[in-house]
Amino acid sequence: MPPVLTAPIVSTQWLADHIGADDLVIVDATVLVDSLGDGAAEPTPRGYASGRAVYAEAGHVPDAVFADLIDDFSDTDADLPFTRPDTERFENAASALGISNDTTVVVYDSAGGHWASRLWWLFRSFGYDDVAVLDGGFATWVAEDRPIRRGHRAPKPSVFLAEERSDAWVDKRFVERVVAGDEDATLVCALPAREFAGAPGRRSRRGHIPGSFSVPASELLSADAHTYRPVRELRSAFPSVSTDSLVVVYCGAGVSAASDALALTLAGHERVALYDGSLNEWAADPDSPLVTLDGAA
């Protein structure tokens with residue numbers, strides 16, 4: 001019988017207590033950004049590199065398998081990085097990791113939890129809720145002097161069947177209607193506050209989508225910068241967001257936004273959707289408005 005999840009996050013102690021359990025798959029979803037890292041592959045032209053080599057050489061949680069979010073869990077034919085895959089591609093990627101519809105999945109990464117949250121959101125969007133993010137990720141696991149393993153662990157392929165939830169995502173047209181006042185939703189930006197305000201970032205155009213509220217993903221973490229803040233503090237981090245309204249989260253590439261989606265879920269919000277194209281798509285269109293806190297577009 002697989003371990004039972006009671007929340008979308010689990011503690012390091014919970015995972016330590018359940019390692020080796022039947023039907024538990026632990027997944028390292030690390031991606032490197034603009035950095036070679038220790039033994040990492042060369043970055044792709046889009047500025048990202050797989051964390052597979054770091055997983056093998058720097059170590060990982062015992063029994064963990066590696067998930068490639070750049071290729072296996074994204075649509076590699078899309079114009080934007082990390083575009084969500086179609087149902088068939090997701091089923092194949094999950095099955096290759098040894099995940100079935102009877103599996104409990106725990107996801108973590110070595111880079112602040114955003115990548116783990118992205119994979120968590122993908123699973124939920126494809127109809128699977130028996131998945132949780134390891135609170136604190138690999139950094140907390142190592143800081144607590146818990147055991148690690150090096151080298152690759154080959155998964156035993158299984159069969160996973162997905163059922164996509166269309167309400168987990170919104171597209172650019174939907175966001176345009178929100179900006180125009182034709183759709184009732186709250187826009188939340190997960191980018192750092194300086195980028196929200198209009199500081200230069202990865203995109204040629206600066207600022208945020210009009211009407212957005214700024215809730216940086218990094219500010220949802222506690223002082224140790226790894227674990228999520230208590231639920232009562234997460235609720236206060238979204239003061240302008242009603243629990244009854246639809247919340248649309250976005251960032252640059254749809255990754256950090258998944259951390260905001262996780263925090264909103266922890267805080268009790270049930271109507272959350274992710275704008276997959278995020279600012280990489282929005283800012284590329286010169287006709288799509290952007291605003292900055294100093295008033296410049």
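What you see as residue numbers is a count from 1 along each chain, following the sequence as written. This being a predicted model, a pLDDT of at least 70 is required before a residue's local features are given, and a value of 80 or more before pairs of side-chain atoms are given or counted; all residues contribute to the totals for chains, interfaces and linings. Hydrogen atoms and water are omitted, and side-chain values are computed over all heavy atoms in the structure.

A.B. asks: Could you clarify how one ought to interpret the overall build of the protein chain in this entry?
C.D. replies: The way it works is that DSSP assigns letters per residue, a run of H or I at least four long becomes a helix, a run of E at least two long becomes a strand, and they are numbered from the N terminus. Along the backbone of the protein chain there are 10 helices and 12 strands. Radius of gyration here is computed from C-alpha atoms only, and the compact-globule reference equals 2.2 Å multiplied by the residue count raised to the power 0.38. Taking 2.2 N^0.38 as the reference for a compact globule, 297 residues should give roughly 19 Å; the C-alpha atoms of the protein chain span a radius of gyration of 18 Å, in line with that estimate. Once the C-alpha set of the protein chain is aligned to its principal axes, its extents read approximately 55 × 40 × 40 Å. Here the protein chain holds 297 residues, and the buried ones make up 53% of them. Per-residue and other accessible areas were derived by the Shrake-Rupley procedure at a 1.4 Å probe size, with only the shown protein chains allowed to occlude residues. Within the structure as shown, the protein chain displays about 13200 Å² of accessible surface, and the carbon and sulfur contribution to it stands at 47%. With a 1.4 Å probe rolled over the protein chains alone, any residue whose accessible area is under 20% of its type maximum counts as buried; one over 50% counts as exposed, and the rest are partly exposed.

A.B. asks: I tried to follow the sheet that holds strand β9 (residues 185-189) on my own but got confused; where do I start?
C.D. replies: Backbone hydrogen bonds are what pair the strands of a sheet, in a parallel or an antiparallel way. One open sheet holds the five strands; their spatial order is β8-β12-β11-β9-β10, and the pairing between them is parallel. A single partner strand is all that each edge strand has here, and the edge strands are β8 (169-170) and β10 (213-214). For two strands to be treated as a pair, DSSP must find no fewer than two bridges joining them. Pairing of β9 with strand β11 (residues 246-250), which is carried by five bridges, proceeds in the parallel orientation. Paired with C189 across the strands is Y250, a residue of β11. This element, helix α9 (residues 256-266), spans β9, β11 and β12 (272-275) of the sheet and lies at about 150° to β11. In this description, contact between two residues means that some pair of their heavy atoms is separated by no more than 4.5 Å. Each axis is a line fitted through C-alpha atoms, and for a helix only the stretch in contact is used; angles between axes span 0 to 180 degrees, taken between their N-to-C directions.

A.B. asks: Is there a simple way to think about the side chain of D276 in this case?
C.D. replies: Among the structural elements, D276 can be located in the loop between β12 and α10 (278-282). On the basis of relative accessibility, which here comes to 8%, the residue D276 falls in the buried class. Counted as a polar contact is a pair of N or O atoms within 3.5 Å, where, for protein atoms, one must be capable of donating a hydrogen and the other of accepting one, and residues adjacent in sequence contribute only when both atoms are in side chains. In this structure the side chain of D276 is engaged in a polar contact, spanning 2.9 Å, whose partner is the backbone nitrogen of R84. If sequence neighbours within four positions are ignored, D276 has contacts with F82, T83, R84, R118, W169, V170, A253 and G254.

A.B. asks: Please clarify how the packing of helix α4 (residues 114-125) against α9 should be interpreted in this entry.
C.D. replies: To characterise two packed helices, one gives the angle between the axes of the helices and the distance between these axes. Packing of α4 against α9 leaves a shortest axis separation of 7 Å and a crossing angle of 70°. Taken together, the axes of α4 and α9 are roughly perpendicular relative to one another. Along this stretch, α4 crosses α9, giving a crossing that reads as left-handed. On the side of α4, the interface is formed by H114, S117, R118, W120, W121 and R124, while α9 contributes S256, A258, S259, A261, L262 and T265. Residues of the contact of α4 with α9, tallied by class, amount to five nonpolar, five polar and two charged. Relative orientations are named as follows: roughly parallel for angles under 35 degrees, roughly antiparallel for angles over 145 degrees, roughly perpendicular for angles from 65 to 115 degrees, and oblique for any other angle. Two helices crossing with the near one rotated counterclockwise from the far one by less than a right angle form a left-handed crossing, whereas a clockwise rotation gives a right-handed crossing. Three classes are used: nonpolar for Ala, Val, Leu, Ile, Met, Phe, Trp, Tyr, Cys and Pro, charged for Asp, Glu, Lys and Arg, and polar for all others, with Gly counted as polar.

A.B. asks: Just checking my understanding: could you explain the pattern of salt bridges for this structure?
C.D. replies: Any two side chains of opposite charge can pair, given that their charged atoms come close. Take a side-chain nitrogen of Lys or Arg and a carboxyl oxygen of Asp or Glu: if they are within 4 Å of each other, that pair is a salt bridge. The full count for this structure, using the stated rule, is 13 salt bridges. With its nearest N and O atoms 2.9 Å apart, the salt bridge here joins R165 to D129. In this pair, R165 is assigned in the loop between α5 (137-143) and β8 and D129 in the loop between α4 and β7 (131-134), connecting sequence segments 36 residues apart. Residue D129 is classed as partly exposed on the basis of its relative accessible area of 40%. A salt bridge links K172 to E176; the shortest N-O distance between them is 2.7 Å. One end of the pair is K172 and the other is E176, both in helix α6 (residues 172-180) and four residues apart, which spans about a single turn.

A.B. asks: Explain the packing of aromatic side chains here, please?
C.D. replies: To describe a pair of aromatic rings, you give the distance between the ring centres and the angle between the ring planes. Ring geometry is summarised as follows: Phe, Tyr and Trp rings, the Trp one being its six-membered ring, pair when their centres sit within 6.5 Å, and such pairs are stacked at plane angles under 30 degrees, edge-to-face over 60 and tilted between the two. Summed over the entire model, instances satisfying the criterion amount to 13 aromatic pairs. On the numbers, 5.7 Å between centres and 50° between planes, the contact of W120 with W121 is tilted. Take W120: its relative accessible area is 0%, and that puts it in the buried class. For the ring pair F123 and F160, a centre distance of 5.8 Å and an interplane angle of 85° mean the geometry is edge-to-face. Taken as a pair, F123 in helix α4 and F160 in the loop between α5 and β8 lie far apart in primary sequence, 37 residues in all.

A.B. asks: So what exactly am I meant to see when it comes to unusual backbone geometry here?
C.D. replies: The bulk of non-glycine residues show a negative phi, and the bulk of peptide bonds are trans. The residue D63 is not glycine, and still its phi comes out positive at about 75°. Along the polypeptide, D63 turns up in the loop between α2 (52-57) and β5 (65-66). One non-glycine residue, S278, lies in positive phi territory at about 45°. Within the secondary structure layout, S278 lies in helix α10.

A.B. asks: How should I be thinking about the environment of A217 in this particular structure?
C.D. replies: Residue position: A217 is located in the loop between β10 and α8 (231-237). A217 gets classed as buried once you look at its relative accessible area, which sits at 3%. Between the C-alpha atom of A217 and that of G98, which follows or precedes it by 119 residues, the distance is 30 Å. Sequence-distant contacts of A217, that is, excluding residues within four places in its chain, are made with H114, A190, S256, S259 and D260.

A.B. asks: What am I meant to see in the pairing of β7 here?
C.D. replies: Two faces, one strand: in a regular strand the side chains alternate between the faces of the sheet. One ladder, built from two bridges, connects strand β1 (residues 9-10) with β7; its direction is parallel. Bridge pairing in β7 places V10 opposite L134. Bridge analysis of strand β6 (residues 104-108) against β7 gives three bridges, and the strand direction is parallel. Within β7, the position partnered with V107 by the bridge is V133.

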